[in-house]
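# Fold and geometry: a report
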Amino acid sequence: MLTITNLHATIGGTEILKGLSLTINAGEIHAIMGPNGAGKSTLAYTLGGRPGYEVTDGTATFDGQDLLALEPHERAAAGLFLGFQYPVEIPGVSNLQFLRESLNAQRRARGEEPLSGAEFIRLAKEKAGLLKMDMDMLKRPVNVGFSGGEKKRNEMVQMGIIDPKLALLDETDSGLDIDALRIVGEGINTIMRKPDRAVLLITHYQRLLDLVKPDFVHVLAGGRIVRSGGAELALELEEQGYEAVA
Amino acid sequence: MTDDSTPADTKTRDADAWAAAEKASTYEWGFSSAIEQEMAPKGLTEDTVRYISAKKNEPEWMLDWRLKAFRIWQTLETPDWAKLNVPPIDYQDAYYYAEPKAKPKLGSLDEVDPEILEVYKKLGIPIEEQKVLANVEGARRVAVDAVFDSVSVATTFREELSRAGVIFMSISEAIREYPDLVKKWLGKVVPVRDNYFATLNCAVFSDGTFVYIPEGVRCPMELSTYFRINAENTGQFERTLIIADKGSYVSYLEGCTAPQRDENQLHAAVVELVAMDDAEIKYSTVQNWYPGDAEGKGGIYNFVTKRGLAQGARSKISWTQVETGSAVTWKYPSCVLNGEDSVGEFYSVAVTNNYQQADTGTKMIHNGKGSRSTIVSKGISAGRSNNTYRGLVRVAPGAEGVRNFTQCDSLLLGDQCGAHTVPYIEVRNPSAQIEHEATTSKISDDQLFYAMQRGLSAEEAVALIVNGFAREVLKQLPMEFAVEAQKLLGISLEGSVG
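Along every chain, residues carry numbers that run from 1 in the direction the sequence is written. Think of it this way: whatever chain is written first is A, whatever ligand is written first is 1, and the rest follow in order. Residues qualify for local features only when their pLDDT is at least 70, as the model is predicted, and side-chain atom pairs are given and counted only at 80 or more; totals for whole chains, interfaces and linings, by contrast, use all residues.

### Some remarks on the overall build of chain A
What counts, and what does not: Secondary structure elements are defined from DSSP: runs of H or I of at least 4 residues count as helices, runs of E of at least 2 residues count as strands, and each element is numbered from the N terminus. Partly exposed residues are those falling between the two cut-offs: more than 12 but fewer than 20 other C-beta atoms within 10 Å of their own, whereas 20 or more means buried and 12 or fewer means exposed, with C-beta atoms placed from the backbone. Residues are treated as contacting if the C-beta atoms built from their backbones sit within 7 Å of each other.
When its secondary structure is counted, chain A shows nine helices and 12 strands. Structurally, chain A occupies a C-alpha span of about 50 × 40 × 35 Å along its principal axes. Looking at chain A as a whole, 47% of its 246 residues are labelled buried. Considering only contacts in chain A between residues 6 or more positions apart, those separated by 24 or more positions represent 70%.

Right under this line is the structure:
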């Protein structure tokens, strides 16, 4: 589904990703762990197409398409979802309006019929239910006045409604209490653990991986993947730290 | 000034202009329609004023009133205190009157010229109102008094309104049919010598709307007028007078679009509102005159004087405006709060892009005890435009217990535009409570990327964020207008990110 080869990326002239390669197939859940400053968020933003993240070398192919040639919204329409570490507030725009317009923009881009208001509300109710999120939260402006945990849960509701092929979840587990973490973990499993879906989890902690069992774990350090393994690698990291493992 | 073109020349020239405009049009609603027009000769003299008055079969008193205004106008100078850069206007190089060629009086809307109906369609008149125009049964009732260029060509629902005692007609008709009412109030809210543009309007106003809501009547439908400048070089001088008698209520919608023209067009409207004891007038505007092209060429000059007199105790006047069009906007819908415990409101969204200039705001004149006012202004600037909020809050010495709350927010797109806030506060009574809040912000890259990652294009993302910014004002608009206004905000800002 996603093949990254020798990816180099810079921010403001400083090279952060230095030859990263990674292949994610449909049906797989990957976790990327690594010390602060290793380039984990840079990887997510670069794949998402954030302006300012310049690719200087390498390729990324998503479902046969040259991902790096697409605009951010085209990447979204192609099925790429980025769960933000720090979800952004948009005052005056309700979650429902935001998601309906986003989803319908994607559907139009794919040549599908936009959802009517009623169809959309039904979908939103269903997905909010999965994440135990009150519909009233969806009526509030996007992330405005949400607690850290609510914002992360909101990201998961958005993921459920948008229903992407590949989700890059950037530290979605940080700032969550135990109950919220469980809800988010179950949400990821329900929404994304399917034969035609894939997930790349960026995380520091084992606790999320207890809930969402990864098929592959990678250690990112110095802008490259320095080690890959199965779920047991995460446990090893937890016990011994990055330096010992990488 | 002489005008040596024969009617035939005029027609050819107009046809050429229309064809050129069609071709050059990148402005979504910059179309032009080939309805035959009758025009006054170019230029402005006493004869022009007499011509207009005669065309409208006006009584002598009205002609005298116009002539008096014209003579005052000749002694006045163009105001220059606004933060606007307007090239000198040659008032002799414009037409002051154009009307569609005389058509027989229409019994119903079915008889309206299909071309005019086509114009409504292109204007994007909300579906509900199109249904009304199409006489669909059960359509939501909105009365549309359509001002096509200068003359009202169709009035709907007049009968139902008249059963409620509501008078809703063109001001020309009102001058003939209700001279006492018109005489009593015309020029009382905005005096003849109020300002250069208002005085000009008094002399040459072509048509407009008159509304009277009798005591205790809640107007059974929203009243709506669509303005449209359709003739090249024809200034549009609308005149609106709305009187709400004791305990009555009316909601009035005014919407404008104009076709693309190379030469600047002058628009100098006057709107006067009067609310008696316990009466309420809600006046909503969506203004989308042609703003000029991306290089700042062309566009409407919009010099408008709008003022409401909250004359009675507990009366209320509420202005809501969405200003996206015009090359130059000079407009301060105001409330004179004479009544005890009267209420004034001003909700405004002003968008400027490219080389547009807007200097807009309000005046809240508190003369009545316990009068209250709320001002919420949202300015959005993009391109190389300039957007100024200018507002006055004045409290008279005898006005005890006055309250005002003002909020001015500016949103900038890009780094070559300007946002300015110029509040004037004159308080002569120590019991007044005046609050003023102001913010200036930019659309953040974080917001843009977040929205784009969810699937919105850059332009859709900007439109969404801007609509959120303006929400407090947009939610004041009646439903039909709110939808139209949201679209407009997006359209107006196209090309402002990239």
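Having seen the model, we can carry on.
### A short note on the nonpolar core
All names here are of chain B. The cut-off we apply is this: To count as a nonpolar core, a set of buried Ala, Val, Leu, Ile, Met, Phe, Trp, Tyr and Cys residues must be joined through C-beta atoms within 7 Å.
One finds V211, A244, L273, A275 and V466 to be the most contacted residues of the largest nonpolar core, which totals 191 residues. Excluding its chain neighbours within four sequence positions, the residues that come into contact with A275 are A244, E280, I281, G308, L309, A310, Q311, G312, S315, K316 and I317. Core analysis: the second largest hydrophobic core is formed by five residues, V395, A396, V402 and A432 among them.

### Some details on the interface of chain B and chain A
Stated formally: Residue polarity follows a fixed list, in which Ala, Val, Leu, Ile, Met, Phe, Trp, Tyr, Cys and Pro are nonpolar, Asp, Glu, Lys and Arg are charged, and the others, Gly among them, are polar.
With 18 residues of chain B at the interface, the matching set in chain A holds 23 residues. Within the residue set of the side of chain B that touches chain A, elements represented by two or more residues are α10 (445–453) and α11 (458–469) of chain B. Grouping the amino acids of the side of chain B that touches chain A by side-chain chemistry returns seven nonpolar, six polar and five charged.

### Focus on α10 of chain B
Buried residues dominate α10 of chain B, accounting for seven of its nine residues. Every buried residue of α10 of chain B is listed here: Q447, L448, F449, Y450, A451, M452 and Q453 of chain B. Of the surrounding elements, those touching the buried residues of α10 of chain B are α1 (40–48), α2 (72–78), β6 (80–83) and β7 (90–94) of chain A together with α11 of chain B. Residue G455 of chain B follows α10 of chain B closely and has a positive phi angle near 125°.

### A word on the pairing of strand β21 (residues 403–412) of chain B
Residues and elements named next belong to chain B. Under the convention used in this document: If DSSP finds at least two bridges between two strands, the strands pair.
Examined bridge by bridge, strand β19 (residues 372–381) and β21 share 10 bridges and lie parallel to one another. Of the residues in β21, the one forming a bridge with I375 is T406. Across 10 bridges, β21 lies against strand β23 (residues 433–442) in parallel orientation. Pairing of C408 across the sheet is with A438, part of β23.

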